[in-house]
Amino acid sequence: MKSFTSRRARAIMVAIAAGSLALTGCSENTGNSSGEKGESQDKAKEQSQGVAYLDAKASTGPAEEVPGAKPGGTVTVYQESGLSHMDPGQIYVSDAGQFANLVFRGLTNFEEDGKGGVAVVGDLATDSGQSSNDNKTWTFKLKDGIKDENGKEITSADVRHSVERLYAEFIFDGPTYLQTWLSGPDYRKALPDGGFGKKHLPDSVLETPDDKTIVFKFDTPRPDLPMTLAMPGYSIVPEESDTKEKYDTAPVALGPYKIAEFKAGKTLKLVKNENWDPKTDSVRHQYVDGFNFEFGITESSQTKRLISDQGDAKNAMQFTGGVDATQIQDVIGAPEVNKRTIKGYQPYVMTLTFNLDRVKNKAVRDAATYAVNSKSLIAGEGGAFGGDVAPNLFAPTLPGYDAKYDPYGRLKTPAGNIEKAKELLADVPASEKKLVFAYANSEAGQKRKVAIEDALGKVGFDVVSKEIDAASYYEQIGKLDNPFDIYITGWGQDWPSAATVVTPIYDGDQVTDGSPNYSHIDDPKVQELIKKALTEQPEKAAKTWEEAHKYILEEINPSAPLWYTKQFQLYGSNIGGARYSTESSYLDVTRVFLKS
């Protein structure tokens, strides 16, 4: 484990000892060019470092000051598509995760040192959690004086409610780790009304003995719980403010900022939450007066505005968008512009995912896998600054990544193996060569559409492209009964374990509406390997996860690996405190300020 250099580097236990390995991240980027090829996979390997679970002293606010920070002013945020969700329980996509960093708080959170090092601290909890009973029991104590934006003090009842509401049917798009760990894969049956009625989870599962104490009880060791609870999807929803389905458009803040105005798909205005107490928060800052989001601004327009650095663009930043591919040379070729960028290797693997309910012939899936043109797709993302060819389904940031594992020859033929694809399609009926491709109605989505149509068309596929609203893209392809054969999806580990890649997207128990198992894979051997790995110690588990990985990719092929993503973002000259966030894989929104 790499030690922290901040004043909060007082670990009471180390996640490696508890069974976790590392968290993806990136060394601090100060805005200087890292070369003409973006971040390398060597940099990705450097990001795999130990994660410490920190004590109460380390979890006490205020957060360490950002050098040169000044209060005041409003930051303009450019974003092409609207936010996928604003209800914490529904948050599992990166845009909403960035938003959550400003507005919500959970029991725990990640703290970064700016050099790739990451630790877990107590957020609403006094520390990162106390384990007992061989990590089967975890106890958290709430800090004093935590209030929501309405001034209501948060108690253990609010934490219980936040967990139980995840069992309700209207929560369909968020993570399911905690629910399944507590109540099994059919967790909704354990609490059908999500705790809104008289029934609650039993104390044998979730206990709140007093207003300050929460006790989680599992039937198997869960050493990763502190990292799990740090996910935005497990942020706290105050019980008396919960409006169920309506909460997704008007959530209540516990973080440094709250919603003042929201016009779906158009604008979002965040202002200071006066009831946020910096003394209780060891991670976040509240330097600026607020954030004004402008939706519908394409990446090309964002980049042009930020390159020009005129007027309000000086106070602006990209949120989850990146530098437009066609303007990258304009950025890196101008030192004054290039120093206003952040760069990092992300944990995401982009794949062409097959709907196995519709694309049942493996020869078709294999042919499409050989045919796809990673080189063309990456060019649309920014070339070497946008990503690297992916030979398999595990990212370079994942511990144990094998760069040589390349069953479909992606590295040798990044532009596609046309002959092999045609050979596989030779005996396939024409009806099976017609593929309905779903794509997002964004600039990136349009580029991907062209690349997929071109590559698959060359080998004899008849591609019928269907446009989907970018903001609801994952929601629509996440429906079991969706009308699409193929779609591009991206996934990065939720914390440093192959378990958070294989289990969410290739586990047959996750074949439900809203699940990230977008291929609907449900294979007995995969299920057997998942269950085996989840009961093993880290070293043995790593080998089992790799066995599952190879079986999934070679014997089933539910997703064709396309590329590994990199981040390259731009911000205005008056933005201070900008750096790459190890936790979010974007510009760290928790520490920005305006210089003047």
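Enquirer: Just to check I follow, could you spell out the overall build of the protein for this structure?
Expert: Helices and strands together make up the secondary structure of the protein, namely 17 helices and 21 strands. The C-alpha atoms of the protein give a radius of gyration of 23 Å, which matches the 25 Å a tight globule of 596 residues would have. Each principal axis of the C-alpha atoms in the protein carries an extent, and together these give about 70 × 55 × 45 Å. Put simply, of all contacts in the protein between residues at least 6 apart along the chain, 75% involve residues at least 24 apart. Surface summary for the protein: the accessible area is close to 22,100 Å², and the carbon and sulfur share equals 48%. Of the charged side chains in the protein, 68 are positive and 84 negative, and the gap between their average positions amounts to 3 Å.

Enquirer: How do you make sense of the nonpolar core when you look at a structure like this?
Expert: General note: in soluble globular proteins, nonpolar side chains tend to be found buried as a group. In this structure, Phe216, Leu352, Leu456, Phe461 and Ile488 are the most contacted members of the largest nonpolar core, which totals 110 residues. The residues contacting Leu352, other than those within four sequence positions of it, are Val372, Phe437, Ile452, Ile486, Tyr487, Ile488, Pro558, Ser559, Ala560 and Leu562. Core analysis: the second largest hydrophobic core is formed by 31 residues, Met86, Val288, Met317 and Phe319 among them.

Enquirer: Please explain the sheet that holds strand E13 (residues 316-318) as it appears in this structure.
Expert: Strand pairing in a sheet is mediated by backbone hydrogen bonds. Such pairs are either parallel or antiparallel. If you walk across this open sheet you meet the 5 strands as E10-E11-E12-E3-E13, and the pairing is mixed. A strand with exactly one partner marks an edge of an open sheet, and here the two such strands are strand E10 (257-263) and E13. Neighbour-to-neighbour, the strand axes of the sheet open up by a mean angle of 20°, direction not taken into account. Of the pairings in the sheet, the one linking strand E3 (residues 74-79) to strand E12 (residues 290-295) comprises 6 bridges and is parallel in character. Opposite Val77, over in E12, you have Phe293 as the bridge partner. Here helix H3 (residues 94-103) sits on the sheet and contacts E3, E10, strand E11 (267-272) and E12; the angle it forms with E11, its principal contact strand, is near 25°. Docked against the sheet, helix H7 (residues 299-308) engages E3, E12 and E13, running at close to 140° with respect to E13.

Enquirer: Even after reading the chapter, I still don't get the packing of aromatic side chains, so can you show me in this structure?
Expert: To describe a pair of aromatic rings, you give the distance between the ring centres and the angle between the ring planes. Counted by the stated rule, this structure contains 22 aromatic pairs. When the centroid spacing of 5.6 Å and the interplanar angle of 85° are considered together, the rings of Phe99 and Phe104 count as edge-to-face. What makes Phe99 buried here is its relative accessible area of 0%. The class of Phe104 is buried, set by a relative accessible area of 1%. With centroids separated by 6.1 Å and ring planes inclined at 85°, the aromatic side chains of Trp181 and Phe218 adopt a geometry described as edge-to-face. With Trp181 in helix H5 (residues 177-183) and Phe218 in the loop between strand E9 (213-217) and helix H6 (225-229), this pair connects stretches of sequence that are 37 residues apart.

Enquirer: Please explain unusual backbone geometry as it appears in this structure.
Expert: Following Gly61, the chain continues into Pro62 via a peptide bond in cis, with omega recorded as 0°. If you trace the backbone, Pro62 turns up in the loop between strand E2 (51-54) and E3. Of note, Asp134 is a non-glycine position whose phi angle comes to about 60°, a positive value. Within the secondary structure layout, Asp134 lies in the loop between strand E6 (130-132) and strand E7 (137-141).

Enquirer: I tried to follow the packing of helix H16 (residues 524-534) against helix H17 (residues 538-556) on my own but got confused; where do I start?
Expert: The description of two packed helices rests on the angle between their axes and on the distance between the axes. H17 packs onto H16 with a crossing angle of 165° between their chain directions and a minimal axis gap of 9 Å. Taken as axis vectors, H16 and H17 run roughly antiparallel relative to one another. You can see that H16 and H17 cross each other, and the crossing is left-handed. Counting all contacts with H16, which are made through Lys525, Val526, Leu529, Ile530, Lys532, Ala533 and Leu534, the residues of H17 involved are Ala541, Thr544, Trp545, Glu547, Ala548, Tyr551, Ile552 and Ile556. Split by residue class, the contact of H16 with H17 holds 11 nonpolar, 1 polar and 3 charged.

Enquirer: Looking at this structure, I do not really get the environment of Val372. What am I missing?
Expert: In this fold, Val372 is placed in the loop between helix H10 (362-371) and helix H11 (374-381). Its relative accessible area of 0% is what places Val372 among the buried residues. Setting aside anything within four residues of it in sequence, one finds Val372 in contact with Leu352, Arg410, Pro414, Ala415, Gly416, Ile452, Ala455, Leu456 and Leu562.

Scoring rules and cut-offs
- Residues numbered from 1 in each chain as written.
- Predicted model: local features only at pLDDT ≥ 70, side-chain atom pairs only at ≥ 80, totals over all residues.
- Heavy atoms only, no water.
- Helix = DSSP H or I, 4+ residues; strand = E, 2+ residues; numbered from the N terminus.
- Rg over C-alpha atoms; globule rule 2.2 N^0.38 Å.
- Contact = heavy atoms within 4.5 Å.
- Areas by Shrake-Rupley, 256 points an atom, 1.4 Å probe, with all protein chains shown as cover.
- Lys, Arg positive; Asp, Glu negative; His and termini not counted.
- Charge placed at Lys NZ, Arg CZ, Asp CG, Glu CD.
- Core = buried A, V, L, I, M, F, W, Y, C linked by side-chain atoms within 4.5 Å.
- Buried < 20%, exposed > 50% of the residue type's maximum accessible area, 1.4 Å probe, protein only.
- Pairing = 2+ DSSP bridges.
- Axes fitted to C-alpha atoms, helices over the stretch in contact; angles between N-to-C directions.
- Phe/Tyr/Trp six-rings, centres within 6.5 Å; stacked < 30°, edge-to-face > 60°.
- Parallel < 35°, antiparallel > 145°, perpendicular 65-115°, else oblique.
- Left-handed = near helix turned anticlockwise from the far one by under 90°.
- Nonpolar A, V, L, I, M, F, W, Y, C, P; charged D, E, K, R; others polar.

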